[in-house]
Amino acid sequence: MSEIPSLLSQSPLFQLEKLRKTTRDAVEEALSAKDVTLREYWVLTCLASAPTTQQAELTEALGIDPSDIVRILDKLVRKGLVTRQRAPEDRRRQVVALKKTGRKLHKKLANKVTEAEKTALDDSSKKQLKQLRKMSKAVLTPTDDE
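It should be emphasised that the depicted structure is a prediction, and the values quoted were computed from it without experimental measurement. (Residues numbered from 1 in each chain as written. Predicted model: local features only at pLDDT ≥ 70, side-chain atom pairs only at ≥ 80, totals over all residues. Heavy atoms only, no water.)

## Some thoughts on the nonpolar core
With 24 residues, the main nonpolar core has Val-43, Leu-73, Leu-76 and Val-82 as its most contacted residues. Of all the secondary structure elements, the ones that give two or more residues to this core are helix H2 (12-32), helix H3 (38-49), helix H5 (66-78), strand E3 (90-98) and helix H6 (100-120). Those residues in contact with Leu-73 that sit more than four places away from it in its chain are Val-43, Gln-55, Leu-58, Val-82, Arg-84 and Val-96. (Core = buried A, V, L, I, M, F, W, Y, C linked by side-chain atoms within 4.5 Å. Buried < 20%, exposed > 50% of the residue type's maximum accessible area, 1.4 Å probe, protein only. Helix = DSSP H or I, 4+ residues; strand = E, 2+ residues; numbered from the N terminus. Contact = heavy atoms within 4.5 Å.)

## A few points about the pairing of E3
Across 3 bridges, strand E1 (residues 52-54) lies against E3 in antiparallel orientation. Residue pairing across strands places Thr-52 opposite Ala-97, the latter belonging to E3. As defined by bridge partners, strand E2 (residues 82-87) adjoins E3 across 6 bridges and the pair is classed as antiparallel. Within the sheet, the bridge partner assigned to Val-82 lies in E3 and is Leu-98. As consecutive antiparallel partners, E2 and E3 are separated by 2 residues. (Pairing = 2+ DSSP bridges.)

## What to know about unusual backbone geometry
Residue Asp-35 is not a glycine yet carries a positive backbone phi of 55 degrees. Within the element layout of this structure, Asp-35 appears in the loop between H2 and H3.

## Quick notes on the sheet that holds E1
Hydrogen bonding along the main chain pairs the strands of a sheet, whether they run parallel or antiparallel. In spatial order, the strands read E1-E3-E2; together these 3 strands make up an open sheet with antiparallel pairing. Here the strands that pair on one side only, and so sit at the sheet edges, are E1 and E2. With strand direction ignored, the average angle separating the axes of adjacent strands in the sheet is 30 degrees. Its contacts with the sheet place H3 against E1, E2 and E3, and it is angled at close to 90 degrees to E3. (Axes fitted to C-alpha atoms, helices over the stretch in contact; angles between N-to-C directions.)

Pasting the structure below:
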């Protein structure tokens, strides 16, 4: 099938999925050069903005299943990018921190991700990208009515 049916091409969900795939493919390709997955990058990004974070907070912030976060953190610990320790005040909780090597790598990756996103969305104007960000924020930010 060479042409997308109009019912699909007019669907916001379909449009968002096509946009997600295009952007994600470009970003994952850029990250793969440093042997980092997209989810690992998300975790590194969260940790870059917070000195220490509880594992459960990462799970909630990123919307990633707790068992998946464990596997992601296991890999990041093995790679020497993060540390994970029991919280002294509550031994059931895990505290995660970005190591110096993780911070350095994150800086490099952030530039690569920004460039990959820019390339993937190259045909879009600055005004269109600003509108996209504004719309995404409006849709994803809870309102007081909820």
